[in-house]
Amino acid sequence: MDVDTVVVGAGVVGLAVARALVMSGHQVLVLEAADRAGEGISSRNSGVIHAGMYYPTGSLKARYCVRGLQLMYEFCARRGVAHRRTGKLIVATHARDRQKLEALAAQARSNQVDVSWLDADQAMRLEPALRCVAALDSPNSGIVDVPELITALIGEVENHGGQLLCRTPVDRIAPQDGGFCLQTESGDTLRCRRVVNAAGLNATVLAARISGLDAIHVPRLWFGQGHYYTVRGRVPFTRLIYPLPGAASLGVHLGMDISGRCRFGPDMRWIDSPSYQFDDSQRGAFAESIRQWWPDLQDADLNPDFVGVRPKLAGPGQSSADFVIQEQSMHGIPGLINLFGIESPGLTSSLAIGEAVAQMFAQQ
């Protein structure tokens, strides 16, 4: 074998998996199609460390988000990655929404996530520019500098003997002689014992090119496009501000980076294939959703920033889907793990997902 384990995809999740594997004694090679690590989903999101209150109790999203938050804060502190425990307010803006907020508080308690109920006056004492009828305070939510996180993960992978190769798209994977033969788009081949498909938006495309993997194990992927805007002038908030979550996303929220630069987003638009072209035509609706809790915002205050795309396992009108971590007991191929639908809270969950994949291989 040329190498023990190959991880396809060098986003935050792929690198976190590679880190966990090298620290478990695997010889790991990470193959990334783009020019640099973290250029896909990882570079186009809110950079939020989520606490884990949104997800069904016992789901992979709930388990790995709650565990991942702990691991993320520990990792960032140890490696000197810029981060901040900002806290988050999840707000109800109409009396009819109080029941939904109460249900979310109950879900948080079920997931063992620390939240506090705030009446309108309590919430607006914390954030005077806010308008709401009630809010949940999530003190452990925060933000992380994603480029610094990517760099730190690469450093840990390489310090433990792993390697990263960019500009190396994997075209096909075939089980062979108790391992796998990988073929790149340039025609090069590589033999390994284990493969982790962490290809993000292309994970299902790659899975469809794995010889011997039944098509029934390759789920359909939908693409959710989200626009982000920055704001002219000062934003009068110190915490993350979120509306109540929708069916397919957490809603247009106020986020910020480590420097304090604020942005709003993402909205949610279904698209046929990944696209990062900014469409400003929905600015009015975008601004109106924010005015539900920040009435002073004007449409003209918004400046287009960037677009992100999420790999979603549930489409329009369907209930939100859980992560899928597909290993041998599910598809029957020893040494192969596919990661499907790793969208939000994938960033927060990344180190916990890495931990889980390493444990799965150890059990095999």
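Our structure is the block above this text.
Along each chain, residues carry numbers from 1 onward, in the same order as the chain's sequence is written. Thresholds applied to this predicted model are a pLDDT of at least 70 for local features of residues and 80 or more for the giving and counting of side-chain atom pairs; totals over whole chains, interfaces and linings are not thresholded and use all residues. Only hydrogens and water are removed before side-chain values are computed, so all heavy atoms of the structure are retained for them.

A. Empty space enclosed by the protein, seen in detail. As defined here, a cavity is a set of points on a 1 Å grid over the protein atoms alone where a 1.4 Å probe fits but cannot get out. A pocket is an open set with protein on both sides within 12 Å along at least five of seven lines, and residues line them when an atom is within 4 Å of a point. Grid points are joined across faces, edges and corners, and a volume is the space filled by probe spheres set on the points. The full count for this structure, using the stated rule, is one cavity of 30 Å³ or more. Quantified by volume, the largest cavity comes out at close to 50 Å³. Lining the largest cavity, in full, are Ala247, Ala248, Trp270, Lys312, Leu313, Ala314, Gly315, Gln318, Ser320, Ala321 and Glu343. Here the nonpolar group is Ala, Val, Leu, Ile, Met, Phe, Trp, Tyr, Cys and Pro; Asp, Glu, Lys and Arg are the charged ones; every other residue, Gly included, is treated as polar. Its residues placed into classes, the lining of the largest cavity shows six nonpolar, three polar and two charged.

B. Representation of the pairing of strand β1 (residues 3–8) in the model. Note on classification: 1.4 Å probe, protein chains only; a residue is buried when its accessible area is under 20% of the maximum for its type, exposed when over 50%, partly exposed between these limits. Put simply, DSSP H or I for four residues or longer makes a helix, DSSP E for two residues or longer makes a strand, and each gets a number counted from the N terminus. In terms of burial, β1 is largely enclosed, as six of its six residues are buried. When DSSP finds two or more bridges between two strands, those strands count as paired. Relative to strand β12 (residues 189–197), β1 runs parallel, the two being bridged by five bridges. The residue of β12 that forms the bridge with valine 7 is valine 196. When β1 meets strand β2 (residues 28–31), the two strands line up parallel, connected through four bridges. Following the sheet pairing, valine 8 is matched in β2 by leucine 31. We call a crossover right-handed when, viewed with the strands running away from us, the connection from the first strand over the helix to the second turns clockwise. With helix α1 (residues 12–23) bridging β1 and its parallel neighbour β2, the resulting β-α-β unit is right-handed.

C. Inspection of the layout of surface pockets at higher detail. Its volume calculated, the second largest pocket comes out at about 530 Å³. Tyr54, Pro245, Gly246, Ala247 and Ser320 are, among the 25 residues lining the second largest pocket, the residues nearest its centre. Mapped onto the lining of the second largest pocket, the elements with two or more residues apiece are α3 (98–110) and β18 (302–312). Within the lining of the second largest pocket, the residues separate by chemical class into 11 nonpolar, eight polar and six charged.

D. Region of interest: the pattern of salt bridges. Note on definitions: salt bridges are taken to be side-chain nitrogens of Lys or Arg within 4 Å of carboxyl oxygens of Asp or Glu. Summed over the entire model, instances satisfying the criterion amount to 20 salt bridges. Close ionic contact of arginine 67 with glutamate 355 constitutes a salt bridge, the shortest N to O distance being 2.8 Å. Here glutamate 355 lies in helix α9 (residues 346–363) and arginine 67 lies in helix α2 (residues 60–79), a separation of 288 residues in the sequence. With relative accessibility at 30%, the residue arginine 67 sits in the partly exposed group. The closest approach of N and O atoms between arginine 263 and aspartate 305, which form a salt bridge, is 3.0 Å. Within this pair, whereas arginine 263 is found in strand β16 (residues 262–265), its partner aspartate 305 is found in strand β18, the two being separated by 42 residues in sequence. Among the residues examined, aspartate 305 registers a relative accessible area of 26% and is labelled partly exposed. Shared partners join several salt bridges into a network, and the residues in it are Lys61, Arg310, Lys312 and Glu343.

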